[in-house]
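Fold and geometry: a report
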Amino acid sequence: MKLYSIETRNLKLDGGAMFGVVPKVMWSKKYPADENNLINLAMRCLLVIDGDRKILIDNGIGDKQDEKFLKHFHLNGEETLKSSLAKLGLSKDDITDMVLTHLHFDHTGGSIEWNEDKTKLIPAFKNAKYWVSKAQWEWATKPNKREKASFLGENIQPMEESGQLNIIEEEGELFPNFHVKLFNGHTDGQVIPHINYNGRTVVFMADLLPSTAHIPMPWVMAYDTRPLLTLQEKEQFYEEAIENDYVLFFEHDIYNECCRLEATERGPKVKETFKLNELLE
């Protein structure tokens, strides 16, 4: 098995929304904002290569949306999904399995693209199975008013129409050494992959824990549909992560790619931060 960090550009979101009830005077010390209160966030994905299987977890915002939509998010960063894969000698056609943690546009926008003459939306990964949890699929295809703006039909319907959609019914082993667990605080049926790599467990954090700055228990996003449930899920996850020395891989933290946790009297803290390739060396 080989693991690769895949950058897909960065976006900016409102810092207050990202840190919920936590005052700016506190969160801005850990994650700085610009003059418009925007914070810069990665849309970092993870590629798992195991034998003939090439599994990509999430795929960023994509590039099919119009300029009016994309300008709201101030995209920045040089690396795209295409260029990141190309550095490894790969293209989107090489991906065999596209695992989507959830269907918010910044995690699944790259799933679908226009055909050559821009007359039809088609899967960007034409040879891949698309994996989505049952709970998330039902939640996203019948969106509530609070999340509706994050679930874009053009990112979702073409998966089903293509016949490439595969539903994850429950937690467990999806592939050898690749387990999925389901979390519901941020959005129903968020998939959090746990990967067994050389005796270590690497966890793709998605929006369960967007950054190291979100590690304190009450630091929960305003985007979460059930913040009190997120608190419970974080507490349970921390117990497992510390006991089993998990490696946390961050999708949105532009400053830190991975970390390990330790228990302290004041709660879980970062023990160390590092790049994924440092773990692999």
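Described below are features of the structure shown in this document. Bear in mind the structure is a predicted one, so any value in this text is a computation, not a measurement.

This brings us to the overall build of the chain. Scanning the chain from N- to C-terminus turns up nine helices and 17 strands. The C-alpha radius of gyration of the chain comes to 18 Å, within 12% of the 19 Å expected for a compact globule of 281 residues. Principal-axis analysis of the C-alpha atoms places the extent of the chain at approximately 55 × 45 × 35 Å. Burial status across the chain gives 51% buried among its 281 residues. Of the contacts made within the chain by residues no fewer than 6 positions apart, 67% connect residues no fewer than 24 positions apart.

In this model, helix α8 (residues 227-243) (17 residues) spans 24 Å end to end at C-alpha, consistent with the 24 Å of a helix rising 1.5 Å per residue. For α8, the set of buried residues is Thr230, Glu233, Lys234, Phe237, Tyr238 and Ala241. For α8, the angular spread of buried residues about the axis comes to 140°, placing them on one side. Turned more than 90 degrees off the buried face of α8, the exposed positions are Leu228, Gln232, Gln236, Glu239 and Glu243. Buried-residue contacts for α8 involve β12 (178-183), β13 (190-197), β14 (200-204), β15 (247-249) and β16 (258-262). Positive backbone phi, approximately 55°, marks aspartate 245, located one or two places after α8.

The next thing to look at is the side chain of aspartate 58. Residue placement: aspartate 58 occurs in the loop between β5 (53-57) and α3 (67-70). Although aspartate 58 is buried, it makes no salt bridge; arginine 44 carries the closest opposite charge, 11 Å away. In this structure the side chain of aspartate 58 is engaged in a polar contact, spanning 2.8 Å, whose partner is the side chain of threonine 101. For aspartate 58, the contacting residues outside a window of four places in its chain are Cys45, Met98, Val99, Leu100, Thr101, His102, His107, Phe204 and Glu251.

Membership of the largest hydrophobic core comes to 39 residues, with the highest contact counts inside it found for Leu46, Phe178, Phe237 and Leu248. With four residues, the single largest contributor to this core is β13. If we skip the residues at most four places from it in the chain, leucine 46 touches Leu3, Tyr4, Ile55, Leu56, Ile57, Ile195, Phe204, Phe249 and Leu276. The next biggest cluster of nonpolar side chains, apart from the first, holds 24 residues, and it includes Ile95, Leu103, Trp137 and Phe151.

A sheet is described by the order of its strands in space; here seven strands give the open sequence β11-β12-β13-β14-β15-β16-β17, paired in mixed fashion. Either end of the sheet is taken by a strand with one partner, and the two such strands are β11 (172-175) and β17 (269-274). Mean inter-strand twist for the sheet, computed between neighbouring axes without regard to direction, equals 35°. Two strands pair when backbone bridges link them, and β13 and β14 are joined in this way by four bridges, in the antiparallel orientation. Bridged to asparagine 196 within β14 is threonine 201. Contacts from α8 reach β12, β13, β14, β15 and β16, with the element oriented near 90° to β16.

Moving on, we come to the packing of aromatic side chains. Geometry of an aromatic ring pair is reported as the spacing of the ring centres plus the angle between the planes. For the structure shown, the criterion picks out 13 aromatic pairs. The interplanar angle of 55° and the centroid separation of 6.4 Å between the aromatic rings of phenylalanine 237 and tyrosine 238 together place this pair among those described as tilted. Owing to a relative accessible area of 3%, tyrosine 238 belongs among the buried residues under this scheme. Ring geometry for phenylalanine 237 against tyrosine 246: centres 6.0 Å apart, planes inclined by 45°, an arrangement best described as tilted.

Where helix α6 (residues 134-141) meets helix α7 (residues 153-162), the closest approach of the two axes is 10 Å, and the angle between their N-to-C directions is 120°. In terms of their interaxial angle, α6 and α7 are classed as oblique. Where α6 crosses over α7, the two elements pack in a sense that is left-handed. Contact with α6, carried on its side by Trp137, Ala140 and Thr141, involves Ile156, Met159 and Glu160 of α7 and no other residues of that element.

Looking only at α7, the buried set comprises Asn155, Ile156, Pro158 and Met159. Those residues of α7 that are buried lie in contact with α5 (105-108), β7 (112-114), β8 (121-123), β9 (129-133), α6 and β10 (165-168). Glycine 163 sits one or two positions beyond α7 and adopts a positive phi of about 80°.

Another point: the sheet that holds β9. Pairing is mixed across the open sheet formed by six strands, whose spatial order is β1-β4-β5-β6-β9-β10. At either end of the open sheet lies a strand with only one pairing partner, and these are β1 (2-6) and β10. Each adjacent strand pair in this sheet contributes to an overall mean axis angle of 25°, direction not counted. Running over the sheet, α6 touches β9 and β10 and is turned about 85° from β9.

Reading guide: rules and limits
- Residues numbered from 1 in each chain as written.
- Predicted model: local features only at pLDDT ≥ 70, side-chain atom pairs only at ≥ 80, totals over all residues.
- Heavy atoms only, no water.
- Helix = DSSP H or I, 4+ residues; strand = E, 2+ residues; numbered from the N terminus.
- Rg over C-alpha atoms; globule rule 2.2 N^0.38 Å.
- Buried < 20%, exposed > 50% of the residue type's maximum accessible area, 1.4 Å probe, protein only.
- Contact = heavy atoms within 4.5 Å.
- Expected span 1.5 Å × (residues − 1).
- Arc of directions from axis to C-beta.
- Lys, Arg positive; Asp, Glu negative; His and termini not counted.
- Salt bridge = Lys/Arg side-chain N within 4 Å of Asp/Glu carboxyl O.
- Polar contact = N/O pair within 3.5 Å; in protein donor to acceptor, adjacent residues only side chain to side chain.
- Core = buried A, V, L, I, M, F, W, Y, C linked by side-chain atoms within 4.5 Å.
- Pairing = 2+ DSSP bridges.
- Axes fitted to C-alpha atoms, helices over the stretch in contact; angles between N-to-C directions.
- Phe/Tyr/Trp six-rings, centres within 6.5 Å; stacked < 30°, edge-to-face > 60°.
- Parallel < 35°, antiparallel > 145°, perpendicular 65-115°, else oblique.
- Left-handed = near helix turned anticlockwise from the far one by under 90°.

Functional significance is not addressed by these values, which are geometric in nature.
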